[in-house]
Amino acid sequence: MEPKATALRSAGDVEADILHSVQAIIRELDQDKPTFQRSQGMFRWTLHKKIERDPYNSMILARILIDELEQAMRENKPYLIPLLNTLLYTIIQAVYIPDDLYEKAYKFCKELLSWARPYCTIGYEYAVMLHAERKAPGALHQKLVVSEHCLKNESFSHGEKVFVFADPDLVSKEVCDALRTEVHSATASQPSAVYKMHVIQHCLQAALGESCDLELLLEALQSKPHCVIERYFQEVVGVMYHSCSSKKEVPATRSKHSSRLHQLYTNILGSTHQVTPLKGRLRNIPLPNPDVRLVMWREDDALWQELEEFVTGRLCSEESSMNSDMDNAEMNEHVNWSNNEQTRLSVLSTDSGIVRDCGDAFAAQDTESPQDSMLAHSPHPETCEVERPKLSRRHGMKIKHTGSDKQTPLLDFIDGASSLQRRSGRNALLFNLKVQRAFTARVVMIGNDCILGRLAKAFHSLRKREVQRLFLTSKLDVEFYYVPVLNTKWASASLSKVCPSLNGDHSCELSRYLGIIDPWYHSNIHSLQTMVPELATMSASCRQPSRSDPFIVDVITYYVRMGHQPVCFQIYSVKLVFAQEMTVFVEDVFLIQLQ
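Keep in mind that this is a model prediction, so the values were computed, not measured.

> What am I meant to see in the overall build of the protein here?
In terms of regular secondary structure, the protein is built from 21 helices and six strands. Classification of the 595 residues of the protein by burial places 48% in the buried group. Residue pairs at least 24 apart in sequence account for 79% of intrachain contacts in the protein once pairs closer than 6 positions are excluded. Looking at the protein as shown, the accessible area adds up to about 30600 Å², and 52% of this sits on carbon and sulfur atoms.

> What's the story with the pattern of salt bridges in this structure? I'm lost.
Pairing between side chains of opposite charge can happen when the charged atoms of each approach one another. Enumeration over the complete set of coordinates arrives at 20 salt bridges. A salt bridge links R454 to D300, with the shortest nitrogen-to-oxygen separation between them at 3.6 Å. Taken together, the positions of R454 in helix α16 (residues 449–468) and D300 in the loop between β2 (292–296) and α13 (302–328) put the pair 154 residues apart, joining distant regions of the chain. On the basis of relative accessible area, D300 is assigned to the exposed category, the value being 63%. Via salt bridges that share partners, K49, E52 and D554 belong to a single interconnected network.

> Is there a simple way to think about helix α6 (residues 119–135) in this case?
Counted at 1.5 Å a residue, the expected span for α6 with its 17 residues is 24 Å, and the 24 Å between its end C-alpha atoms agrees. For α6, a buried count of 13 out of 17 residues is recorded, marking the element as mostly surrounded by other parts of the structure.

> Please clarify how the packing of aromatic side chains should be interpreted in this entry.
In this description, a pair of aromatic rings is defined by centroid distance and the angle of the planes. Here the structure, examined in full by the defined rule, presents 13 aromatic pairs. Where F163 meets F310, the ring centres are 5.9 Å apart and the plane angle is 75 degrees; that geometry is what we call edge-to-face. Here F163 is found in strand β1 (residues 159–166), whereas its partner F310 is found in helix α13, with 147 residues between them in sequence. Assessed through its relative accessible area of 1%, F163 is described here as buried. Take F310: its relative accessible area is 7%, and that puts it in the buried class. One aromatic cluster in this structure is built from Y89, Y481, W520, Y521, Y558 and Y559. The ring of Y558 is capped by R44, whose NZ or CZ atom sits 3.7 Å from the centre of that ring.

> Is there a simple way to think about the side chain of T86 in this case?
Its place among the elements puts T86 in helix α4 (residues 80–93). What T86 contacts, discounting residues up to four positions off in sequence, is R44, H48, L65 and Y558.

> So what exactly am I meant to see when it comes to unusual backbone geometry here?
Of the consecutive residues R117 and P118, the connecting peptide bond is found in the cis state with omega at 0 degrees. Positive phi outside glycine occurs at N76, with the angle close to 55 degrees. The class of N76 is exposed, set by a relative accessible area of 57%. You will see that C150, though not glycine, has its phi angle at about 50 degrees, which is positive. Relative to the elements of secondary structure, C150 occurs in the loop between α7 (139–148) and β1.

Calculation criteria
Residues numbered from 1 in each chain as written. Predicted model: local features only at pLDDT ≥ 70, side-chain atom pairs only at ≥ 80, totals over all residues. Heavy atoms only, no water. Helix = DSSP H or I, 4+ residues; strand = E, 2+ residues; numbered from the N terminus. Buried < 20%, exposed > 50% of the residue type's maximum accessible area, 1.4 Å probe, protein only. Contact = heavy atoms within 4.5 Å. Areas by Shrake-Rupley, 256 points an atom, 1.4 Å probe, with all protein chains shown as cover. Salt bridge = Lys/Arg side-chain N within 4 Å of Asp/Glu carboxyl O. Expected span 1.5 Å × (residues − 1). Phe/Tyr/Trp six-rings, centres within 6.5 Å; stacked < 30°, edge-to-face > 60°. Lys NZ or Arg CZ within 6 Å of the ring centre and 35° of its normal.

This is the structure in structure tokens:
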């Protein structure tokens, strides 16, 4: 009996520790009792790190957060959304969550539908996501990994990438070096097979729980060739997609989902391993960081260049993959030209295309059935006679006009792109929401308010390019995020050169404004303006090559994944005319104020 008592005391200590961390987060979110102003957001980060160390902590944390949310709803506290974001991120990170916790979280989100905005919109969005998660546990985790690493699959196609823009004139050298080090260590490129194996392991353990022997599964997957892993990956994603899109009730859908994944689990292990229903311990499967691209913003058109390179690179990759698949299947002679227009060979024609001008050699082709022709101008093709001197077109190729051929105004460019946070109701985590564009670029601006003015100019220039020729807007969603960082070592000369109107105390006014209207942003993002330079300075003084837990990249990742409340700003464009030279004017673009 002594080991069991020791285990009970240990579990109680863990629960007490997690409860203490949650209460510390609530204290720093409570506007009536502001505390820990310089370290806000650190409690949330350490709490999620505890989940990564022990997968059983996620169930304890989810239960505590649901209880705190219900109490905050009864007392009408303003920190419902930050706690709700913490709960959903806990569910995404978790390797296994019991269905009763899913159901309690789902009911809480449904109760928010009677509240005012933004509670009702975020409550509805999270309710839909939790409903899909109840049908197919691990769906949100899988969707993030597949989208953020652009893993090609047959069920859904959506690619994302995070761009971090830092202006060397606005942030210190220590911050730039820390960003380079963390991005390099946290987002080291790995083969796509590694992420596909990650998806397979997490989905099977999320559905089967302790019945899934993760070590045995990993051993079996590592012994398989790449083509077999690809087949397992496609099957897992297909099962998850169909379960989330199912119209049936949750118990029936989940039962079928679990049985199909259990059959796949048995097939992977095969006859070399004995599949036993004995329960073991859950194993940790950390959520990998997204693909992050760090850009030192020295050129004015760097934003356009990075977005264009991302889109063209993904399109070329998909086209080469499509051509490779067609070659393997020996389908080159049956290409549907209307859907593969970019691979069409150019053929020069010297005739008019009219049958009477082409001679008798082509006249007999009019006797073909209408199914063999893509363009049939005759109302009754089957009654056409060869000897009739009738004007008719030869069989041609139907050309589908692309977005690059259009010169339409940019009326619906990047829905919500001028928002600094993501618009509610368009979360890429959802399977059943229609994705309007194939790619999403999450652009994170690091610096003070001056970098947002530079962003406004780059965004205005990008819009003008798209008016002249539509390219990015038909394929790409762009979402902007703002991480304020102070440069405490600015000299007065450098400050007056870059932003003459701002000083160190008022150079991050926009982030302060965002923090006022969004407590979640104030707690997790606004506090970074002094924390990031301090951490970068400490890292530079210690001369550490890299940290095992990159704080800056983790916070940026959490921001782009969970920033749902939109804040929109108007972009202004003015033309200045000088009195001495009335014919000369200067055009300037600004976000809030023009200096």
